[in-house]
Amino acid sequence: AVSEAATALVIVAFLFLYQHAGSFAFADIRQATPSLDPVMRDVIFVLVLIGFGAKAGIIPFQFWQTEAYPAAPSPISALLSGVISELAIYGLIRFTLDLLGPGPAWWGAVMMMIGTATALIGVLYSLVQDNFKRLVAYSSVEHVGGIMLVGLGASLVFRGLGLLPLAAIAALATLYHVLNHT
(Lines give C-alpha, C1' and ligand atoms only; values in the text may rest on other atoms or scores of the structure.)
Protein backbone atom coordinates (compact mmCIF):
# COMPACT_ATOMS: atom_id res chain seq x y z
CA ALA A 1 0.00 0.00 0.00
CA VAL A 2 2.86 2.40 0.83
CA SER A 3 4.55 1.82 -2.52
CA GLU A 4 1.33 2.35 -4.45
CA ALA A 5 0.54 5.58 -2.60
CA ALA A 6 4.12 6.78 -3.17
CA THR A 7 3.82 6.06 -6.89
CA ALA A 8 0.54 7.98 -6.99
CA LEU A 9 2.23 11.04 -5.46
CA VAL A 10 5.02 10.94 -8.04
CA ILE A 11 2.45 10.59 -10.84
CA VAL A 12 0.58 13.64 -9.51
CA ALA A 13 3.86 15.59 -9.52
CA PHE A 14 4.45 14.57 -13.14
CA LEU A 15 0.90 15.58 -14.04
CA PHE A 16 1.42 19.04 -12.52
CA LEU A 17 4.60 19.39 -14.57
CA TYR A 18 2.78 18.17 -17.68
CA GLN A 19 0.00 20.70 -17.11
CA HIS A 20 2.58 23.48 -17.04
CA ALA A 21 4.97 22.26 -19.76
CA GLY A 22 2.43 20.60 -22.08
CA SER A 23 4.72 17.61 -22.45
CA PHE A 24 6.23 14.73 -20.51
CA ALA A 25 9.60 15.20 -22.23
CA PHE A 26 12.24 16.12 -19.66
CA ALA A 27 13.72 18.77 -21.96
CA ASP A 28 10.33 20.49 -22.25
CA ILE A 29 9.71 20.28 -18.50
CA ARG A 30 13.19 21.67 -17.77
CA GLN A 31 12.57 24.57 -20.17
CA ALA A 32 9.14 25.40 -18.69
CA THR A 33 10.09 25.09 -15.01
CA PRO A 34 11.59 28.60 -14.55
CA SER A 35 8.18 30.13 -15.24
CA LEU A 36 6.44 27.77 -12.79
CA ASP A 37 4.79 29.43 -9.79
CA PRO A 38 7.12 29.09 -6.74
CA VAL A 39 4.30 27.69 -4.62
CA MET A 40 3.60 25.02 -7.25
CA ARG A 41 7.33 24.14 -7.36
CA ASP A 42 7.22 23.70 -3.57
CA VAL A 43 4.10 21.51 -3.85
CA ILE A 44 5.79 19.35 -6.49
CA PHE A 45 8.90 19.12 -4.32
CA VAL A 46 6.84 17.93 -1.34
CA LEU A 47 5.02 15.38 -3.53
CA VAL A 48 8.25 13.87 -4.86
CA LEU A 49 9.95 14.00 -1.45
CA ILE A 50 7.13 12.01 0.12
CA GLY A 51 6.67 9.75 -2.93
CA PHE A 52 10.29 8.86 -3.57
CA GLY A 53 11.11 9.17 0.12
CA ALA A 54 8.57 6.48 1.00
CA LYS A 55 10.19 4.20 -1.56
CA ALA A 56 13.61 5.00 -0.07
CA GLY A 57 12.36 4.17 3.42
CA ILE A 58 12.25 7.56 5.15
CA ILE A 59 10.41 7.77 8.45
CA PRO A 60 7.53 7.12 8.98
CA PHE A 61 7.39 4.93 5.85
CA GLN A 62 10.35 2.65 6.63
CA PHE A 63 8.19 -0.20 7.90
CA TRP A 64 7.33 -1.49 4.42
CA GLN A 65 11.00 -2.39 3.92
CA THR A 66 11.37 -4.10 7.27
CA GLU A 67 8.36 -6.26 6.45
CA ALA A 68 9.18 -6.87 2.77
CA TYR A 69 12.84 -7.89 3.12
CA PRO A 70 12.27 -10.85 5.50
CA ALA A 71 9.20 -12.04 3.57
CA ALA A 72 10.91 -11.99 0.16
CA PRO A 73 13.20 -14.69 -1.23
CA SER A 74 16.90 -13.79 -0.87
CA PRO A 75 17.43 -12.70 -4.50
CA ILE A 76 14.45 -10.35 -4.24
CA SER A 77 15.71 -8.99 -0.91
CA ALA A 78 19.01 -8.21 -2.63
CA LEU A 79 17.15 -6.35 -5.40
CA LEU A 80 15.14 -4.40 -2.84
CA SER A 81 18.28 -3.41 -0.97
CA GLY A 82 20.66 -2.81 -3.85
CA VAL A 83 18.50 -1.45 -6.65
CA ILE A 84 14.91 -0.48 -5.85
CA SER A 85 15.70 1.84 -2.96
CA GLU A 86 18.48 3.56 -4.90
CA LEU A 87 16.05 4.28 -7.72
CA ALA A 88 14.11 6.43 -5.26
CA ILE A 89 17.25 8.48 -4.62
CA TYR A 90 17.77 8.75 -8.38
CA GLY A 91 14.20 10.07 -8.71
CA LEU A 92 14.82 12.68 -6.03
CA ILE A 93 18.08 13.70 -7.70
CA ARG A 94 16.41 13.92 -11.09
CA PHE A 95 13.60 16.13 -9.81
CA THR A 96 15.53 18.36 -7.39
CA LEU A 97 18.76 18.87 -9.31
CA ASP A 98 17.38 18.71 -12.84
CA LEU A 99 13.66 19.07 -13.55
CA LEU A 100 12.62 21.61 -10.93
CA GLY A 101 15.71 23.76 -11.34
CA PRO A 102 17.47 25.54 -8.49
CA GLY A 103 15.28 25.49 -5.44
CA PRO A 104 15.37 27.24 -2.09
CA ALA A 105 17.78 26.08 0.60
CA TRP A 106 14.87 24.95 2.80
CA TRP A 107 14.27 22.01 0.45
CA GLY A 108 17.66 20.66 1.42
CA ALA A 109 17.22 21.50 5.09
CA VAL A 110 13.99 19.47 5.19
CA MET A 111 15.75 16.56 3.47
CA MET A 112 18.62 16.75 5.93
CA MET A 113 16.30 16.71 8.96
CA ILE A 114 14.27 13.78 7.65
CA GLY A 115 17.43 11.94 6.60
CA THR A 116 19.10 12.44 9.97
CA ALA A 117 16.06 11.14 11.85
CA THR A 118 15.74 8.19 9.44
CA ALA A 119 19.43 7.28 9.77
CA LEU A 120 19.18 7.39 13.56
CA ILE A 121 16.05 5.20 13.60
CA GLY A 122 17.61 2.80 11.09
CA VAL A 123 20.84 2.30 13.01
CA LEU A 124 19.10 1.96 16.38
CA TYR A 125 16.67 -0.65 15.10
CA SER A 126 19.40 -2.53 13.24
CA LEU A 127 21.42 -2.87 16.47
CA VAL A 128 18.71 -4.96 18.13
CA GLN A 129 17.78 -7.27 15.23
CA ASP A 130 18.28 -11.02 15.44
CA ASN A 131 16.85 -11.67 11.96
CA PHE A 132 19.51 -11.07 9.28
CA LYS A 133 17.09 -9.89 6.59
CA ARG A 134 15.46 -7.45 8.98
CA LEU A 135 18.95 -6.21 9.91
CA VAL A 136 19.69 -5.63 6.20
CA ALA A 137 16.37 -3.81 5.85
CA TYR A 138 17.14 -1.42 8.70
CA SER A 139 20.65 -0.94 7.37
CA SER A 140 19.15 0.06 4.02
CA VAL A 141 16.78 2.42 5.80
CA GLU A 142 19.80 4.00 7.50
CA HIS A 143 21.85 4.31 4.33
CA VAL A 144 19.27 5.08 1.64
CA GLY A 145 16.53 6.96 3.49
CA GLY A 146 19.04 8.44 5.91
CA ILE A 147 22.62 9.08 4.88
CA MET A 148 21.96 9.45 1.14
CA LEU A 149 19.07 11.82 1.81
CA VAL A 150 21.30 13.91 4.10
CA GLY A 151 23.92 14.12 1.33
CA LEU A 152 21.37 15.16 -1.27
CA GLY A 153 19.89 17.64 1.19
CA ALA A 154 23.32 19.15 1.83
CA SER A 155 23.78 19.54 -1.90
CA LEU A 156 20.46 21.37 -2.16
CA VAL A 157 21.28 23.64 0.79
CA PHE A 158 24.64 24.57 -0.71
CA ARG A 159 23.05 25.11 -4.12
CA GLY A 160 20.31 27.27 -2.62
CA LEU A 161 22.96 29.40 -0.90
CA GLY A 162 24.96 29.75 -4.12
CA LEU A 163 27.86 27.60 -2.90
CA LEU A 164 28.10 25.55 -6.09
CA PRO A 165 31.48 23.84 -5.45
CA LEU A 166 30.21 22.53 -2.11
CA ALA A 167 26.91 21.52 -3.72
CA ALA A 168 28.83 19.53 -6.33
CA ILE A 169 30.96 17.81 -3.68
CA ALA A 170 27.86 16.84 -1.65
CA ALA A 171 26.11 15.56 -4.79
CA LEU A 172 29.16 13.51 -5.79
CA ALA A 173 29.46 12.07 -2.28
CA THR A 174 25.79 11.09 -2.42
CA LEU A 175 26.22 9.45 -5.82
CA TYR A 176 29.31 7.61 -4.56
CA HIS A 177 27.31 6.31 -1.60
CA VAL A 178 24.53 5.19 -3.97
CA LEU A 179 27.08 3.32 -6.08
CA ASN A 180 28.73 1.82 -3.01
CA HIS A 181 25.42 0.67 -1.51
CA THR A 182 24.27 -0.83 -4.79
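Above this text you will find the structure in question.
Residues numbered from 1 in each chain as written. Predicted model: local features only at pLDDT ≥ 70, side-chain atom pairs only at ≥ 80, totals over all residues. Heavy atoms only, no water.

1. Considering the overall build of the protein chain
Scanning the protein chain from terminus to terminus reveals eight helices and zero strands. Secondary structure elements of the protein chain occur, N-terminal to C-terminal, as α-α-α-α-α-α-α-α. Whereas a compact globule of 182 residues would reach a radius of gyration of roughly 16 Å, the protein chain reaches 16 Å, a difference of no more than 12%. Its C-alpha atoms give the protein chain principal-axis dimensions of roughly 50 × 35 × 25 Å. Counting all 182 residues of the protein chain, 42% fall into the buried class. Looking at the protein chain alone, contacts between residues at least 24 apart form 74% of all its contacts between residues at least 6 apart. (Helix = DSSP H or I, 4+ residues; strand = E, 2+ residues; numbered from the N terminus. Rg over C-alpha atoms; globule rule 2.2 N^0.38 Å. Buried < 20%, exposed > 50% of the residue type's maximum accessible area, 1.4 Å probe, protein only. Contact = heavy atoms within 4.5 Å.)

2. Considerations on helix α7 (residues 132-160)
Along its 29 residues, α7 runs 40 Å from first to last C-alpha, staying within 8% of the 42 Å computed at 1.5 Å per residue. At L149, α7 shows its maximal bend, which comes to roughly 30°. Two or three places before K133, at the opening of α7, N131 has a side-chain oxygen 2.9 Å from that residue's backbone nitrogen. A positive backbone phi angle near 80° is found at G162, which sits one or two residues after α7. (Expected span 1.5 Å × (residues − 1). Bend = angle between axes of the 7 residues up to and from the residue. Polar contact = N/O pair within 3.5 Å; in protein donor to acceptor, adjacent residues only side chain to side chain.)

3. Remarks on a nonpolar patch on the surface
Together, I76, L79, V83, I84, L87 and Y90 line one region of the surface with nonpolar side chains, adding up to about 520 Å² of accessible area. Looking at I76, the relative accessible area reads 41%, which means it is partly exposed. (Patch = residues over 30% accessible without salt bridge, like charges linked within 9 Å, V, L, I, M, F, W, Y side chains within 5 Å. Areas by Shrake-Rupley, 256 points an atom, 1.4 Å probe, with all protein chains shown as cover. Salt bridge = Lys/Arg side-chain N within 4 Å of Asp/Glu carboxyl O.)

4. Let's talk about the nonpolar core
If you look at the biggest cluster of nonpolar residues, it comprises 28 residues, and the most contacted ones within it are I89, L92, F95 and M111. Secondary-structure elements contributing two or more residues to this core are α1 (2-21), α3 (38-56), α5 (74-99), α6 (105-127) and α7. In terms of residue count, the dominant contributor to this core is α3 (seven residues). Residues contacting L92, with those up to four places away along its chain left out, are V48, L49, F52, L97, M111, L149 and L152. (Core = buried A, V, L, I, M, F, W, Y, C linked by side-chain atoms within 4.5 Å.)

5. Topic: the packing of α7 against helix α8 (residues 164-181)
Packed helices, taken two at a time, are described by the angle their axes make and the gap between the axes. Relative orientation of the contacting elements α7 and α8 amounts to 165°, with a least axis distance of 7 Å. It follows that α7 is roughly antiparallel to α8 by the angle criterion. The chirality of how α7 crosses α8 is left-handed. In this structure, α7 uses S140, H143, V144, I147, M148, G151, L152, A154, S155, F158 and R159 to contact α8, whose residues at the interface are L164, L166, A167, A170, A171, T174, H177, V178 and H181. (Axes fitted to C-alpha atoms, helices over the stretch in contact; angles between N-to-C directions. Parallel < 35°, antiparallel > 145°, perpendicular 65-115°, else oblique. Left-handed = near helix turned anticlockwise from the far one by under 90°.)

6. Structural notes on helix α4 (residues 63-71)
Along α4, the residues that are buried comprise Q65, T66 and Y69. Summarising the axial view, the buried residues of α4 lie within an arc of 95°, below the 170-degree limit, and thus occupy one face. (Arc of directions from axis to C-beta.)

7. Some remarks on unusual backbone geometry
The step from I59 to P60 runs through a cis peptide bond, and the omega angle for that step is 5°. Mapping P60 onto the fold places it in the loop between α3 and α4.

8. Things to note about the packing of aromatic side chains
Each aromatic ring pair is summarised here by two numbers: the centre-to-centre distance and the angle between the ring planes. Taken as a whole, this structure holds seven aromatic pairs when the rule is applied. Look at F45 and W107: their rings are 4.6 Å apart centre to centre, the planes differ by 0°, and that puts the pair in the stacked class. A residue pair is termed long-range when its members are at least 10 positions apart, and F45 in helix α3 and W107 in helix α6 qualify at 62 residues. Taken individually, F45 and W107 each receive the classification buried, so the pair is uniform in this respect. An angle of 50° between the planes, with centres 6.0 Å apart, marks the rings of F52 and F95 as tilted. Taken together, the residues F52 in helix α3 and F95 in helix α5 connect sequence positions 43 residues apart. Just as F52 is buried, F95 falls in that class too. Taken together, the aromatic side chains of F14, F26, F52 and F95 make up a single cluster linked through ring pairs. (Phe/Tyr/Trp six-rings, centres within 6.5 Å; stacked < 30°, edge-to-face > 60°.)

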